[in-house]
Amino acid sequence: MTCRWCHRPLTQDFPLAALVSLRPLRLARLCPRCQARFTRIKSATACPGCGRANSPTLCADCQRWAAAGYPSLHHRALFTYGEDMRLFIQQYKGQGHYQLHDAFEDCLDLARRGVALVPLVSEPKHLAKRGFDPVVGLFGHLPLSEWLTKADTARPQAEKTRRERLATPQSFTATLPAHPAPRVLLLDDLYTTGRTLYHAQQALLAAGYRGEIHSFSLIR
Ligand SMILES: [Zn+2]
Ligand SMILES: [Zn+2]
């Protein structure tokens, strides 16, 4: 196997703990040198509302969401949107390099009993254009609960200014199973303004979901 980012051969160490564990063994898809290029967010000092790095108290954006009546998503993210991450997103989503979809798989060990993992799926137009769903691609190794559908919107989020992103109308609808899990973890690739995740939260609430809704993204 080769590193997903630099394409040099990967040499894997199989730790004894992983071999005797009952959990599925997830191997790193990035070499140590490339792993070091992506900056981890330290959860101890991240914003308790949105997971922003170096904001140990609720940030101004989260205070605005709370003042507007949105329950906190207690969002968590793994990596900052640094230069290599920008390139990763550009190649994965922009240029449609699906082979990058599992680059961070070994870091995304999110399956928990009683928690439905609900991905923020693509709109049909983007899915048809790209040929794959980037969020389902990133989290496809996990048992996903695809409760959300997204209607086509006029323009992609990536082309919008911050103000335009925040003014985006709701485009999610949710369909719940007969006995939904008591907790939901919404999954997305990138948290920018929070608008999309709060829309997903509102769609679940509108469909009658009464459990706890938190969210997670690879990048913040
Ligand atoms: Zn590498
Ligand atoms: Zn925040």
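Residues numbered from 1 in each chain as written. Chains lettered and ligands numbered in written order. Predicted model: local features only at pLDDT ≥ 70, side-chain atom pairs only at ≥ 80, totals over all residues. Heavy atoms only, no water.

## Things to note about the coordination of the zinc ion (ligand 2)
Ligation of the zinc ion (ligand 2) by protein atoms is provided by Cys47 (SG), Cys50 (SG), Cys59 (SG) and Cys62 (SG), these donors lying 2.3 Å from the ion. Around the zinc ion (ligand 2), the four donor atoms sit at angles spanning 106 to 117 degrees, and that spread fits a shape best called tetrahedral. With a relative accessible area of 0%, Cys47 lands in the buried category. A relative accessible area of 0% means that Cys50 is categorised as buried. (Donors = N, O, S within 2.8 Å, 3.2 Å for Na, K, Ca; no water. Tetrahedral: all angles 85-135°; square planar, octahedral: opposite > 155°, others 65-115°. Buried < 20%, exposed > 50% of the residue type's maximum accessible area, 1.4 Å probe, protein only.)

## Some details on the coordination of the zinc ion (ligand 1)
For a metal with four donors in a tetrahedral arrangement, the ideal angle between donors is 109.5 degrees, while six donors in an octahedron ideally sit at 90 or 180 degrees. Listed as protein donors to the zinc ion (ligand 1) are Cys3 (SG), Cys6 (SG), Cys31 (SG) and Cys34 (SG); their distances from the metal cover 2.2 to 2.3 Å. Taken together, the four donor atoms coordinating the zinc ion (ligand 1) and their angles of 104 to 117 degrees define a geometry best described as tetrahedral. Counting residues between consecutive donors of the zinc ion (ligand 1) along the chain gives the motif C-x2-C-x24-C-x2-C. Like Cys31, the residue Cys34 is buried in the burial classification.

## Section: the pattern of salt bridges
Under the criterion given, the structure shown has ten salt bridges. Among the salt bridges present, the one from Lys93 reaches Asp189, with a minimum N-O distance of 2.8 Å. Here the residue Lys93 occupies a position in helix α4 (residues 83–94), and Asp189 occupies one in strand β5 (residues 183–190), the gap between them amounting to 96 residues. The buried category is assigned to Asp189, whose relative accessible area is 4%. One salt bridge connects Lys150 with Glu123, and the closest N-O pair in it is separated by 3.1 Å. Of this pair, Lys150 sits in strand β3 (residues 148–150) while Glu123 sits in the loop between β2 (115–119) and α5 (124–130); the two residues are 27 residues apart in sequence, bridging distant segments of the chain. Each of Arg4, Arg29, Asp102 and Glu105 takes part in a single network of salt bridges with overlapping partners. (Salt bridge = Lys/Arg side-chain N within 4 Å of Asp/Glu carboxyl O. Helix = DSSP H or I, 4+ residues; strand = E, 2+ residues; numbered from the N terminus.)

## A short note on the layout of surface pockets
Roughly 950 Å³ of internal volume is contained in the largest pocket. Along the walls of the largest pocket sit 41 residues, with Lys93, Arg130, Pro156, Gln157 and Ala158 positioned nearest its centre. When residues of the lining of the largest pocket are traced back to their parent elements, those giving at least two are α4, α5, α6 (134–139), β5 and α8 (195–206). Its residues assigned to classes, the lining of the largest pocket shows 13 nonpolar, 15 polar and 13 charged. (1 Å grid on protein atoms, 1.4 Å probe; cavity = no way out; pocket = protein on both sides within 12 Å on 5 of 7 lines; lining within 4 Å. Points joined across faces, edges and corners; volume = space filled by probe spheres on them. Nonpolar A, V, L, I, M, F, W, Y, C, P; charged D, E, K, R; others polar.)

## Quick word on the packing of aromatic side chains
For the structure on display, the rule yields 14 aromatic pairs. With 5.1 Å between their ring centres and 50 degrees between their planes, Phe79 and Phe104 make a pair best called tilted. Of this pair, Phe79 sits in strand β1 (residues 76–79) while Phe104 is found in the loop between α4 and β2, placing the two residues 25 residues apart along the sequence. With a centroid separation of 5.1 Å and an interplanar angle of 80 degrees, the aromatic rings of Phe88 and Phe104 are classed as edge-to-face. With Phe88 in helix α4 and Phe104 in the loop between α4 and β2, the pair connects residues that are 16 residues apart, well separated along the chain. Like Phe88, the residue Phe104 is buried in the burial classification. The ring centre of Phe172 lies 5.7 Å from the NZ or CZ of Lys150, which sits over that ring. (Phe/Tyr/Trp six-rings, centres within 6.5 Å; stacked < 30°, edge-to-face > 60°. Lys NZ or Arg CZ within 6 Å of the ring centre and 35° of its normal.)

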